[in-house]
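Residue-level structure breakdown
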Amino acid sequence: MTATDPRPLTGEPVSLDLLNTRWNVEGVRQDLLTGVEGLGIWLAANGLEGRFAADAGTLRHTLAARDALTALVDAPGDPAATARVDAVLGHGRIRATLTTEGPGEEAEFADPSWGPGWTAARDYLDLLRTAPDRIRACAHEACILHFFDTSRNGTRRWCSMAICGNRAKASRHYARTKES
(Lines give C-alpha, C1' and ligand atoms only; values in the text may rest on other atoms or scores of the structure.)
Protein backbone atom coordinates (compact mmCIF):
# COMPACT_ATOMS: atom_id res chain seq x y z
CA MET A 1 0.00 0.00 0.00
CA THR A 2 1.30 3.45 -0.94
CA ALA A 3 1.47 6.14 1.74
CA THR A 4 -0.68 9.25 1.49
CA ASP A 5 0.61 12.11 -0.64
CA PRO A 6 1.24 15.03 1.76
CA ARG A 7 1.60 17.74 -0.89
CA PRO A 8 -0.82 20.67 -0.96
CA LEU A 9 -1.11 20.71 -4.78
CA THR A 10 -1.36 17.58 -6.90
CA GLY A 11 -2.83 16.74 -10.29
CA GLU A 12 -0.72 19.13 -12.33
CA PRO A 13 1.03 17.91 -15.50
CA VAL A 14 3.85 15.52 -14.59
CA SER A 15 6.62 18.09 -15.18
CA LEU A 16 5.05 20.65 -12.84
CA ASP A 17 4.03 17.92 -10.41
CA LEU A 18 7.71 16.99 -10.17
CA LEU A 19 8.55 20.62 -9.31
CA ASN A 20 5.77 20.52 -6.71
CA THR A 21 7.53 17.76 -4.77
CA ARG A 22 9.02 20.72 -2.86
CA TRP A 23 6.70 23.10 -1.02
CA ASN A 24 6.59 25.38 2.03
CA VAL A 25 4.59 24.88 5.22
CA GLU A 26 4.66 27.94 7.47
CA GLY A 27 8.01 29.00 6.03
CA VAL A 28 9.61 25.56 6.32
CA ARG A 29 10.68 23.83 3.10
CA GLN A 30 9.23 20.34 2.66
CA ASP A 31 10.50 17.76 0.15
CA LEU A 32 8.66 14.61 -0.86
CA LEU A 33 11.73 13.18 -2.60
CA THR A 34 14.01 12.67 0.40
CA GLY A 35 13.88 8.89 -0.06
CA VAL A 36 12.50 6.08 -2.16
CA GLU A 37 9.20 6.03 -0.23
CA GLY A 38 8.48 9.59 -1.35
CA LEU A 39 9.51 8.67 -4.89
CA GLY A 40 7.01 5.81 -4.74
CA ILE A 41 4.28 8.24 -3.72
CA TRP A 42 5.15 10.56 -6.60
CA LEU A 43 5.32 7.71 -9.12
CA ALA A 44 1.90 6.46 -7.98
CA ALA A 45 0.40 9.96 -8.16
CA ASN A 46 1.47 10.20 -11.80
CA GLY A 47 0.56 6.71 -12.95
CA LEU A 48 4.22 5.68 -13.26
CA GLU A 49 4.54 3.18 -10.40
CA GLY A 50 4.12 0.05 -12.51
CA ARG A 51 6.53 1.26 -15.19
CA PHE A 52 9.48 2.40 -13.09
CA ALA A 53 11.11 1.19 -9.87
CA ALA A 54 11.19 3.35 -6.75
CA ASP A 55 14.86 2.73 -6.00
CA ALA A 56 17.99 4.77 -5.25
CA GLY A 57 19.08 5.09 -8.89
CA THR A 58 15.65 6.27 -10.04
CA LEU A 59 15.50 8.72 -7.13
CA ARG A 60 18.93 10.15 -8.02
CA HIS A 61 17.99 10.61 -11.69
CA THR A 62 14.54 12.02 -10.87
CA LEU A 63 16.15 14.58 -8.55
CA ALA A 64 18.57 15.53 -11.35
CA ALA A 65 15.58 16.07 -13.66
CA ARG A 66 13.75 18.10 -11.00
CA ASP A 67 16.80 20.33 -10.50
CA ALA A 68 17.16 20.80 -14.27
CA LEU A 69 13.47 21.70 -14.68
CA THR A 70 13.62 24.05 -11.68
CA ALA A 71 16.58 25.88 -13.22
CA LEU A 72 14.73 26.24 -16.53
CA VAL A 73 11.46 27.40 -14.95
CA ASP A 74 13.37 29.93 -12.81
CA ALA A 75 15.33 31.23 -15.82
CA PRO A 76 13.45 30.45 -19.07
CA GLY A 77 15.76 30.46 -22.07
CA ASP A 78 18.94 30.34 -19.97
CA PRO A 79 21.45 28.33 -22.04
CA ALA A 80 22.86 26.45 -19.02
CA ALA A 81 19.36 25.51 -17.77
CA THR A 82 18.33 24.50 -21.29
CA ALA A 83 21.43 22.30 -21.57
CA ARG A 84 20.59 20.59 -18.25
CA VAL A 85 17.07 19.69 -19.41
CA ASP A 86 18.45 18.60 -22.78
CA ALA A 87 20.92 16.31 -20.95
CA VAL A 88 18.00 14.65 -19.13
CA LEU A 89 16.19 14.23 -22.46
CA GLY A 90 19.32 12.57 -23.85
CA HIS A 91 18.61 9.53 -21.65
CA GLY A 92 15.50 8.48 -23.58
CA ARG A 93 13.90 8.54 -26.97
CA ILE A 94 10.58 8.04 -28.67
CA ARG A 95 10.20 5.08 -31.00
CA ALA A 96 7.39 5.22 -33.54
CA THR A 97 5.18 2.13 -33.44
CA LEU A 98 2.30 0.70 -35.38
CA THR A 99 -0.34 -1.07 -33.33
CA THR A 100 -3.67 -2.65 -34.17
CA GLU A 101 -5.22 0.70 -33.12
CA GLY A 102 -2.94 2.63 -35.51
CA PRO A 103 0.18 4.77 -35.21
CA GLY A 104 1.70 5.13 -31.77
CA GLU A 105 4.80 6.07 -29.83
CA GLU A 106 6.79 4.27 -27.18
CA ALA A 107 9.42 5.75 -24.88
CA GLU A 108 12.68 3.82 -24.70
CA PHE A 109 15.51 4.14 -22.18
CA ALA A 110 18.99 2.63 -22.14
CA ASP A 111 18.74 2.98 -18.34
CA PRO A 112 15.12 2.75 -17.09
CA SER A 113 16.03 4.66 -13.92
CA TRP A 114 15.99 7.80 -16.06
CA GLY A 115 12.39 7.09 -17.12
CA PRO A 116 10.46 9.22 -14.61
CA GLY A 117 12.77 12.23 -14.96
CA TRP A 118 12.81 11.93 -18.74
CA THR A 119 9.01 11.65 -18.78
CA ALA A 120 8.74 14.87 -16.77
CA ALA A 121 11.20 16.69 -19.04
CA ARG A 122 9.35 15.46 -22.14
CA ASP A 123 6.07 16.65 -20.62
CA TYR A 124 7.59 20.10 -20.09
CA LEU A 125 8.38 20.25 -23.81
CA ASP A 126 4.73 19.45 -24.52
CA LEU A 127 3.62 22.30 -22.23
CA LEU A 128 6.01 24.67 -24.00
CA ARG A 129 4.56 23.58 -27.35
CA THR A 130 0.96 23.91 -26.15
CA ALA A 131 0.89 27.14 -24.13
CA PRO A 132 4.14 28.36 -22.58
CA ASP A 133 2.40 31.43 -21.18
CA ARG A 134 0.17 29.17 -19.06
CA ILE A 135 3.08 27.69 -17.07
CA ARG A 136 2.95 29.70 -13.85
CA ALA A 137 4.47 30.02 -10.42
CA CYS A 138 2.04 30.81 -7.61
CA ALA A 139 1.82 34.57 -7.05
CA HIS A 140 2.01 34.26 -3.25
CA GLU A 141 5.48 35.38 -2.14
CA ALA A 142 5.90 32.48 0.31
CA CYS A 143 4.74 29.77 -2.11
CA ILE A 144 7.07 27.86 -4.42
CA LEU A 145 4.45 25.75 -6.23
CA HIS A 146 3.81 25.76 -9.99
CA PHE A 147 0.69 25.11 -12.03
CA PHE A 148 -0.58 25.00 -15.58
CA ASP A 149 -3.27 27.64 -15.92
CA THR A 150 -6.33 26.00 -17.44
CA SER A 151 -8.70 28.84 -16.59
CA ARG A 152 -10.81 30.08 -19.47
CA ASN A 153 -9.29 33.56 -19.61
CA GLY A 154 -5.78 32.52 -18.49
CA THR A 155 -5.58 34.78 -15.45
CA ARG A 156 -5.14 32.29 -12.62
CA ARG A 157 -2.58 33.61 -10.13
CA TRP A 158 -2.61 31.19 -7.22
CA CYS A 159 -1.77 27.51 -6.87
CA SER A 160 -4.93 27.32 -4.77
CA MET A 161 -7.51 30.02 -4.24
CA ALA A 162 -8.44 28.35 -0.94
CA ILE A 163 -4.88 28.55 0.42
CA CYS A 164 -2.60 31.12 -1.23
CA GLY A 165 -5.35 33.25 -2.77
CA ASN A 166 -7.10 33.45 0.57
CA ARG A 167 -3.83 34.37 2.34
CA ALA A 168 -3.26 37.23 -0.11
CA LYS A 169 -6.81 38.52 0.32
CA ALA A 170 -6.51 38.30 4.11
CA SER A 171 -3.18 40.19 4.02
CA ARG A 172 -4.67 42.97 1.89
CA HIS A 173 -7.68 43.18 4.20
CA TYR A 174 -5.44 43.35 7.28
CA ALA A 175 -3.32 46.08 5.68
CA ARG A 176 -6.44 48.14 4.83
CA THR A 177 -7.93 47.81 8.33
CA LYS A 178 -4.58 48.64 9.94
CA GLU A 179 -4.37 51.89 7.93
CA SER A 180 -7.86 52.96 9.06
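Structure shown above.
Let us look at the structure shown here. (Residues numbered from 1 in each chain as written. Predicted model: local features only at pLDDT ≥ 70, side-chain atom pairs only at ≥ 80, totals over all residues. Heavy atoms only, no water.)

1. Observations concerning helix 2 (residues 36-45)
For helix 2, the full list of buried residues reads Gly38, Leu39, Gly40, Ile41, Trp42 and Leu43. Contacts from the buried residues of helix 2 go to helix 1 (14-19), helix 3 (56-74) and helix 5 (115-130). Among the residues trailing helix 2, Gly47 stands out with phi positive, at a value near 70°. (Buried < 20%, exposed > 50% of the residue type's maximum accessible area, 1.4 Å probe, protein only. Helix = DSSP H or I, 4+ residues; strand = E, 2+ residues; numbered from the N terminus. Contact = heavy atoms within 4.5 Å.)

2. A closer look at the pairing of strand 2 (residues 28-31)
Where strand 1 (residues 22-25) lies against strand 2, four bridges are found, and the strand directions are antiparallel. By the bridge assignment for strand 2, Asn24 is matched with Arg29. With antiparallel pairing between neighbouring strands as the criterion, strand 1 and strand 2 make up a hairpin whose turn holds two residues, including Glu26 at a positive phi of roughly 50°. (Pairing = 2+ DSSP bridges.)

3. Quick notes on the pattern of salt bridges
Across all of its chains, the model carries 11 salt bridges by this definition. Here Arg93 and Glu108 are joined by a salt bridge, their closest N and O atoms 2.6 Å apart. Of this pair, Arg93 sits in strand 3 (residues 92-99) while Glu108 sits in strand 4 (residues 102-109), placing them 15 residues apart in sequence. Linked through salt bridges whose partners overlap, the residues forming this network are Arg93, Arg95, Glu106 and Glu108. (Salt bridge = Lys/Arg side-chain N within 4 Å of Asp/Glu carboxyl O.)

4. Quick look at the side chain of Arg136
Take Arg136: it is sitting in strand 5 (residues 135-137). In terms of polar contacts, Arg136 uses its side chain to reach the side chain of Asp149, at 2.7 Å. In terms of polar contacts, Arg136 uses its side chain to reach the backbone carbonyl oxygen of Gly154, at 3.0 Å. (Polar contact = N/O pair within 3.5 Å; in protein donor to acceptor, adjacent residues only side chain to side chain.)

5. Description of the packing of aromatic side chains
All chains considered together, the criterion is met by two aromatic pairs. Summarising the aromatic geometry, the rings of Phe52 and Phe109 are spaced 5.7 Å apart at their centres and angled 70° between planes, so their arrangement reads as edge-to-face. Pair noted here: Phe52 is in the loop between helix 2 and helix 3 and Phe109 is in strand 4, with a separation of 57 residues, a long-range link. By relative accessible area, Phe52 is classed as buried at 8%. With centroids separated by 5.2 Å and ring planes inclined at 80°, the aromatic side chains of Phe109 and Trp118 adopt a geometry described as edge-to-face. (Phe/Tyr/Trp six-rings, centres within 6.5 Å; stacked < 30°, edge-to-face > 60°.)

6. Quick notes on the environment of Thr130
Along the chain, Thr130 turns up in helix 5. Here the side chain of Thr130 touches Asp126 through a polar contact of 2.7 Å, landing on its backbone oxygen.

7. Overview of the pairing of strand 3
Sheet topology places strand 3 next to strand 4; eight bridges connect them, and they run antiparallel. Looking at strand 4, one finds that Leu98 is bridged to Pro103. Hairpin remark: strand 3 followed by strand 4, antiparallel, with two residues in the connecting loop.

8. Considerations on the state of the cysteines
Within the structure shown, the criterion is met by zero disulfides. Summary of cysteine pairing: Cys143 is not part of a disulfide, and the nearest cysteine sulfur, belonging to Cys159, is at 3.7 Å. Left without a disulfide partner, Cys164 is nearest to the cysteine sulfur of Cys159, which lies 3.7 Å away. Cys164 sits in the buried class, given a relative accessible area of 2%. (Disulfide = S-S within 2.5 Å.)

Read these as geometric descriptors, not functional statements.
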